[in-house]
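Examination of the molecular architecture
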Amino acid sequence: MLDGKIVITCACTGAETSKALQPALPITAEEIAETAVACREAGAAILHLHVRDENGKPTQDPKVFRKAIEMIRARTDIVVEITTGGAVGDTADERLRPVIELEPEMASLDCGTVNFGDEYIVNTLPVMRAFAKEFKARKVRPTLECFDLGHVHASRILVKEGLLEPPYHYGFVLNVPGAVPFSLDALDSFCRAMPEGADYTVMGIGRSSLPAQYAAIARGGWIRVGFEDNVYYSKGVLAESNAQLVARAARLAREAALAPATPADVRAYLKLKK
Ligand code: ZN
């Protein structure tokens, strides 16, 4: 555990959110870099990155990731965690490509199959093993994303097989339609199933975003906010920006005597590669 500090991740774009739903959604590399700077200033240490093509459609094209990462790097030291969840319908090979070609500091690694509204996300154990092997070979620190209690147990198979190395960082994604609703009880059960000493970020989707932040603060977890998870600031009121959501998370943390961790804190604590 990071003593006296809490890590705030901003998932600023996602694959499913649109400008129609949230006009302030950052889409281009310029917009994403600008968001990264603002979120870092507001207290975020990690930027969870999805990118879009010129038509605003989600893409796993490494060239598009590279452009966004270069623009972010030129302006801020925020840790960049790229997605390998991608968008609904992407193949496993497409999802993994940016990890292989760009070798980022961090990337998400989905730990199982789950309903995603009327769609579904498929991650078989062989796919997870293949991902974990490539992450390990490139020293990319995974955020082990779990949408279901079974996913936490599946991750432990990878641990047992030596495909994952500590420090372990989990991402518990709660309140996805068709998956596990957010509750303290659900969060507790996920936490109990983790390997000892693992850290976790609580990702509350939609209206569960704020309760998930309070739960993370109370329970020793870390926070994720951003338009991928939730576009509102309060009921019926759209957030003005990703940074506005980060600023509130940082404020809540400070009220609980937790300082937002810096990117340097995260790099040291999660032993990210140089
Ligand atoms: Zn994502």
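Described below are features of the structure shown in this document. (Residues numbered from 1 in each chain as written. Predicted model: local features only at pLDDT ≥ 70, side-chain atom pairs only at ≥ 80, totals over all residues. Heavy atoms only, no water.)

**Some points on the packing of aromatic side chains**
Quick reminder of the rule: Planes of paired rings set the category: under 30 degrees apart is stacked, over 60 is edge-to-face and the rest tilted, where pairs are Phe, Tyr or Trp rings (Trp by its six-membered ring) whose centres lie within 6.5 Å. Each helix is a run of DSSP H or I of at least 4 residues and each strand a run of E of at least 2, with the numbering of both proceeding from the N terminus. Categorising residues by exposure relies on relative accessible area from a 1.4 Å probe, with only protein chains included: less than 20% of the type maximum marks a residue as buried, more than 50% marks it as exposed, and the intermediate range marks it as partly exposed. Counting as a charge over the ring demands two things of the Lys NZ or Arg CZ atom: a distance within 6 Å of the ring centre and an angle within 35 degrees of the ring normal.
Under the definition given, this model contains four aromatic pairs. With a centroid separation of 5.2 Å and 80 degrees between ring planes, the pair formed by Phe 172 and Phe 190 is classed as edge-to-face. A residue pair is termed long-range when its members are at least 10 positions apart, and Phe 172 in strand β11 (residues 169-174) and Phe 190 in helix α6 (residues 184-193) qualify at 18 residues. On the basis of relative accessibility, which here comes to 0%, the residue Phe 172 falls in the buried class. Lying over the aromatic face of Tyr 233, Arg 248 brings its terminal NZ or CZ to 3.9 Å of the ring centre.

**Some remarks on the coordination of the zinc ion**
Quick reminder of the rule: Sodium, potassium and calcium take a 3.2 Å donor cutoff, other metals 2.8 Å, and in both cases only N, O and S atoms count; water is not among them, so sites may look incomplete.
Bound to the zinc ion on the protein side are His 48 (NE2), His 50 (NE2), Glu 228 (OE) and Glu 228 (OE), at distances that span 2.0 to 2.7 Å. Counting along the primary sequence, the residues that act as donors to the zinc ion give the motif H-x1-H-x177-E. Judged by its relative accessible area of 5%, His 50 falls in the buried class.

**With respect to helix α4 (residues 125-137)**
Which entries qualify depends on this criterion: The span one expects for a helix is its residue count, reduced by one, times 1.5 Å. As used here, the arc is the angular range of directions from the helix axis to the C-beta atoms. Only heavy atoms matter for contacts: two residues are in contact if any of them lie within 4.5 Å across the pair.
Along its 13 residues, α4 runs 18 Å from first to last C-alpha, staying within 8% of the 18 Å computed at 1.5 Å per residue. Within the span of α4, buried status applies to Met 128, Phe 131, Ala 132 and Phe 135. Along the long axis of α4, the arc covered by the buried residues comes to 100 degrees, so they all point the same way. Exposed residues on α4 whose side chains face more than 90 degrees from its buried face are Pro 126, Lys 133 and Ala 137. In this structure, the buried side of α4 is in contact with α3 (92-102), β7 (106-110), β10 (141-146) and α5 (149-160). In the segment just after α4, Lys 139 is the residue with positive phi, at about 55 degrees.

**Description of the environment of Gly 197**
With respect to the helices, strands and loops of the structure, Gly 197 is situated in the loop between α6 and β12 (199-204). For the pair Gly 197 and Lys 67, spaced 130 residues apart in sequence, the C-alpha to C-alpha distance is 36 Å.

**Looking at the pairing of β7**
Rules: Note on pairing: two strands pair once DSSP finds at least 2 bridges between them.
Within β7, five of the five residues are buried, leaving the element largely enclosed by the surrounding structure. Of the two faces of β7, the one lined by Met 106, Ser 108 and Asp 110 and the one lined by Ala 107 and Leu 109 are each fully buried. As paired strands, strand β6 (residues 79-82) and β7 are joined by two bridges and run parallel to one another. Paired with Ile 82 across the strands is Ala 107, a residue of β7. Bridge count between β7 and β10: five bridges; the pairing is parallel.

**Comments concerning the pattern of salt bridges**
Test applied: Definition used for salt bridges: Asp or Glu carboxyl oxygen within 4 Å of a side-chain nitrogen of Lys or Arg.
According to the stated counting rule, one finds 14 salt bridges in the structure shown. A salt bridge links Lys 19 to Glu 31; its shortest N-O distance comes to 3.4 Å. A residue pair is termed long-range when its members are at least 10 positions apart, and Lys 19 in the loop between β2 (8-11) and α1 (29-42) and Glu 31 in helix α1 qualify at twelve residues. Judged by its relative accessible area of 36%, Lys 19 is partly exposed. Accessibility expressed as a relative area gives 29% for Glu 31, which makes it partly exposed. Two residues, Arg 40 and Asp 77, come together in a salt bridge whose shortest N-O distance is 2.5 Å. Of this pair, Arg 40 sits in helix α1 while Asp 77 sits in the loop between α2 (62-75) and β6, and the two are 37 residues apart along the sequence.

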